[in-house]
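# Breakdown of the fold
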Amino acid sequence: MSAKISEFIDLWGADIWSAIIETFQMVGISLLISVLLGLPLGVLLVLTRPGKALDNKILFRLLNAVINVIRSIPFIILLFFILPFTKFIAGTTIGVKGVIVPLVVFTAPYIARLMESALLEVDRGVVEAYEAMGIKTRHIIWHVLVRESRSSIVLGLTIATIGLIGATAMAGLVGAGGLGDLAYRYGHLRYEVDVMYVTVFLLIVLVQGLQSLGNVMAARLKKD
Amino acid sequence: MIRLENISKAFQTGTTVTKALDSVDLNVEKGKIYGVIGYSGAGKSTLVRTVNLLERPTEGKVFINDVELTGLSAGKLKKTRQRIGMIFQSFNLLKTGTVYQNIAIPLKLTGVSKKEIDSRVRKYLQIVGLEDKIDVYPGQLSGGQKQRVAIARALAHEPEVLLCDEATSALDPDTTESILSLLEQINQEFGLTILLITHEMHVVQKICHEVAVMENGRIIEQGPVVDLFSRPKTPTTKRFVQSLFQDDVPESLVKKLESKGQIVTLSFVGESSGKPALALLSKNFDIYPSILAGNITQLKDQPFGRIVVHLEGEDSETKRAVMFLEDRGIFVEGYVPEVNAHVS
Ligand SMILES: Nc1ncnc2c1ncn2[C@@H]1O[C@H](COP(=O)(O)OP(=O)(O)OP(=O)(O)O)[C@@H](O)[C@H]1O
Ligand SMILES: [Mg+2]
């Protein structure tokens with residue numbers, strides 16, 4: 001048994017390891033950029049609503065429309081659909097670098113929606129109390145809206161991250177590698193089922209771990 | 001201190017326009033506790049929210065300390081708001097912050113130094129009697145304790161004015177009492193001007209110097225609490241006053257007694273003036289007074305009594321007796337049975 005395992009590791013270890021690295025790279029980088037874009041977008045979606053601090057019907061409707069359009073396109077189509085845009089932004093359309101742009105385009109609007117729903121849960125009264133104390137809108141965004149919804153934000157980000165891991169499986173199509181690509185290429189195309197089982201197992205562990213981590217963190221941040 | 005001039009506020013929802021405030025004038029003097037009372041939908045919350053411009057009036061001017069808030073830039077308004085405390089029915093604390101953080105964070109955001117913040121948090125927590133809860137989250141506090149934190153949060157900015165929007169409406173009677181006492185104490189100790197709105201006459205009775213009664217977006221009656229209690233003019237005010245005195249007389253009894261005499265309601269300020277006068281009635285006139293209902297309650301500064309009396313005797317004699325009572329500063333009114341005087 002152990003001989004078999006060490007044989008497997010000798011044979012596939014390096015490939016699996018680099019696939020893990022690639023997945024982490026893709027997820028990490030695009031998650032970071034997506035949060036940096038998605039959180040402000042979520043805040044805008046909340047604040048440009050009628051009656052809110054930055055009430056702006058046009059911007060609100062535009063944001064909504066754009067987000068809905070992008071979110072209706074499956075990732076695999078989006079990946080090819082925005083190739084020229086990817087080329088323009090990243091300078092390349094292949095490899096990890098080439099897949100970050102479509103991953104961000106795919107994930108940022110999703111995060112914006114998740115942030116929006118998290119921020120909308122915040123008690124309007126608390127925001128009002130802070131307005132009544134003469135506190136600046138940007139402080140209210142950070143110290144009331146984001147702070148009070150941080151538990152939901154963490155849960156939302158967990159969901160987004162897991163969705164992102166799923167999307168990276170298709171990144172192989174543009175030569176970016178990763179765990180999903182490994183499982184597909186070796187397991188499906190070359191009938192190396194062991195490799196497929198191992199990668200699937202790793203993906204399950206990854207997703208389970210992330211979800212548990214997200215749940216624990218969210219519970220810790222929740223104080224009521 | 002607070003002056004509202006000809007304030008109107010209309011809300012537009014779809015095609016319907018609701019006039020929540022209709023030409024309201026209000027003047028709250030420094031150091032006073034001013035109550036605004038009215039039934040649900042009268043426009044009370046809208047009124048108190050226009051004072052710090054959480055709600056911008058469609059018309060009219062708001063002055064605080066002779067500064068016109070309605071004419072200030074957004075930045076100046078924020079600075080001014082820091083001197084206007086506000087507490088709410090729903091407390092509005094940060095769930096994710098401890099008691100300490102709930103008071104400290106707004107101070108930090110308004111530029112108070114770290115050392116100052118620490119001493120203020122401790123000082124005002126002590127005033128509201130919650131020093132031992134400093135590191136507790138609001139989720140672990142009772143309603144009354146949460147309101148105390150909210151009061152400490154407001155006081156920590158050392159405001160000149162405190163606005164209270166139904167601050168005790170979510171609390172049980174005992175807790176309401178203790179919060180009202182706290183507000184009274186703050187008013188006396190710091191000379192803080194308080195504008196509070198409520199739908200409970202009891203709150204007005206306990207701590208207010210002056211009161212305004214609102215109905216349909218208008219102030220229909222205002223003045224010192226004693227005056228409103230003893231000489232309510234409008235039916236709404238009468239109902240509010242009546243809500244404090246369970247002086248309903250059974251209808252059958254009213255019918256029976258009215259055939260031989262008159263039933264009147266006597267209102268009087270101070271414990272001493274009412275009953276002795278009543279005792280003198282039978283001595284000086286050919287009248288047999290009998291008390292049907294009534295009691296004496298404590299207003300902020302003096303006792304106030306209201307009794308329903310049956311005056312048995314000739315009409316002419318009754319008239320003279322009523323004049324005698326009125327000469328002694330007692331307000332006499334024909335008894336009106338309590339018709340749907342339901343106070344929500
Ligand atoms: N934001 C708003 N949009 C539309 N109408 C409003 C708004 N706020 C208040 N109103 C309307 O204005 C009127 C007065 O409301 P307000 O909240 O001031 O009453 P209130 O006296 O505080 O009542 P309650 O005792 O129920 O709190 C009501 O008819 C209400 O429906
Ligand atoms: Mg109200």
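Residues numbered from 1 in each chain as written. Chains lettered and ligands numbered in written order. Predicted model: local features only at pLDDT ≥ 70, side-chain atom pairs only at ≥ 80, totals over all residues. Heavy atoms only, no water.

## A short note on the packing of helix α3 (residues 99–109) of chain B against helix α4 (residues 114–127) of chain B
All names here are of chain B.
- Orientation of α3 relative to α4, taken along the N-to-C sense of each, is 130°, at an axis distance of 10 Å. When the axes of α3 and α4 are compared, the pair comes out oblique. The crossing of α3 and α4 is right-handed. Seen from α3, the contacting residues are Val99, Tyr100, Ile103, Ala104, Leu107 and Lys108; seen from α4, they are Ile117, Asp118, Arg120, Val121, Arg122 and Leu125.
- Tallied by class, the residues present in the contact of α3 with α4 amount to eight nonpolar, no polar and four charged. (Axes fitted to C-alpha atoms, helices over the stretch in contact; angles between N-to-C directions. Helix = DSSP H or I, 4+ residues; strand = E, 2+ residues; numbered from the N terminus. Parallel < 35°, antiparallel > 145°, perpendicular 65-115°, else oblique. Left-handed = near helix turned anticlockwise from the far one by under 90°. Contact = heavy atoms within 4.5 Å. Nonpolar A, V, L, I, M, F, W, Y, C, P; charged D, E, K, R; others polar.)

## Concerning the domain arrangement of chain B
Residue and element names in this part refer to chain B.
- Parsing chain B into structural domains produces domain 1 (2–241) and domain 2 (247–333).
- Computed from C-alpha atoms alone, the centre-to-centre distance between domain 1 and domain 2 is 38 Å.
- Taken together, the contacts link 16 residues of domain 1 with 12 residues of domain 2.
- Interface of domain 1 and domain 2: buried area, both sides summed, is about 1100 Å²; carbon and sulfur atoms make up 60% of it.
- Inspection of the region where domain 1 meets domain 2 yields two salt bridges.
- With its nearest N and O atoms 3.0 Å apart, the salt bridge here joins Glu184 to Lys300.
- Run the count over domain 1 and domain 2 and you get five residue pairs in polar contact (both at pLDDT 80 or more).
- The greatest single-element share of the side of domain 1 that touches domain 2, amounting to four residues, is contributed by helix α8 (residues 225–230). (Domains from an automatic or database assignment. Buried area = accessible area lost by both parts, 1.4 Å probe. Salt bridge = Lys/Arg side-chain N within 4 Å of Asp/Glu carboxyl O. Polar contact = N/O pair within 3.5 Å; in protein donor to acceptor, adjacent residues only side chain to side chain.)

## Concerning the sheet that holds strand β6 (residues 84–88) of chain B
Residue and element names in this part refer to chain B.
- Ordered in space as β6-β7-β8-β3-β9-β10, the six strands form an open sheet in which the pairing is mixed. Looking along the sheet, the strands with just one partner apiece sit at the ends: β6 and β10 (218–224). Each neighbouring strand pair of the sheet contributes to a mean axis angle of 15°, computed without reference to strand direction.
- Bridge count for strand β7 (residues 161–165) against strand β8 (residues 193–198) is five bridges, and the pairing is parallel. When the sheet's bridge partners are listed, Leu162 is paired in β8 with Ile194.
- Packed onto the sheet, helix α5 (residues 143–155) meets β6 and β7 and runs at close to 170° relative to β6. (Pairing = 2+ DSSP bridges.)

## Quick notes on the sheet that holds strand β13 (residues 303–312) of chain B
All names here are of chain B.
- Strand order in this open sheet of four strands is β12-β13-β11-β14, and the pairing throughout is antiparallel. Two strands lie at the open edges of the sheet, namely β12 (288–298) and β14 (331–334), each paired on one side alone. Across the sheet, the mean angle separating the axes of adjacent strands is 20° when strand polarity is ignored.
- Where β12 lies against β13, 10 bridges are found, and the strand directions are antiparallel. Note on β13: the bridge partner recorded for Asn295 is Arg306.

## Remarks on the site of ligand 1
Residue and element names in this part refer to chain B.
- Around ligand 1, the structure places 13 residues, and the nearest of them are Ser40, Gly41, Lys44, Ser45 and Thr46.
- Contacts to ligand 1 include Gly43, whose backbone N or O atom sits 2.9 Å from an oxygen atom.
- The side chain of Lys44 places a nitrogen or oxygen atom 2.7 Å from an oxygen atom of ligand 1.
- Considered on its own, ligand 1 offers 630 Å² of accessible surface; in the complex 62% of this is hidden by protein.
- Counting only elements with at least two residues in the shell around ligand 1, the list comes to β1 (2–13), β2 (16–28) and α1 (44–51).
- With three residues, the single largest contributor to the shell around ligand 1 is α1. (Near = heavy atom within 4 Å. Areas by Shrake-Rupley, 256 points an atom, 1.4 Å probe, with all protein chains shown as cover.)

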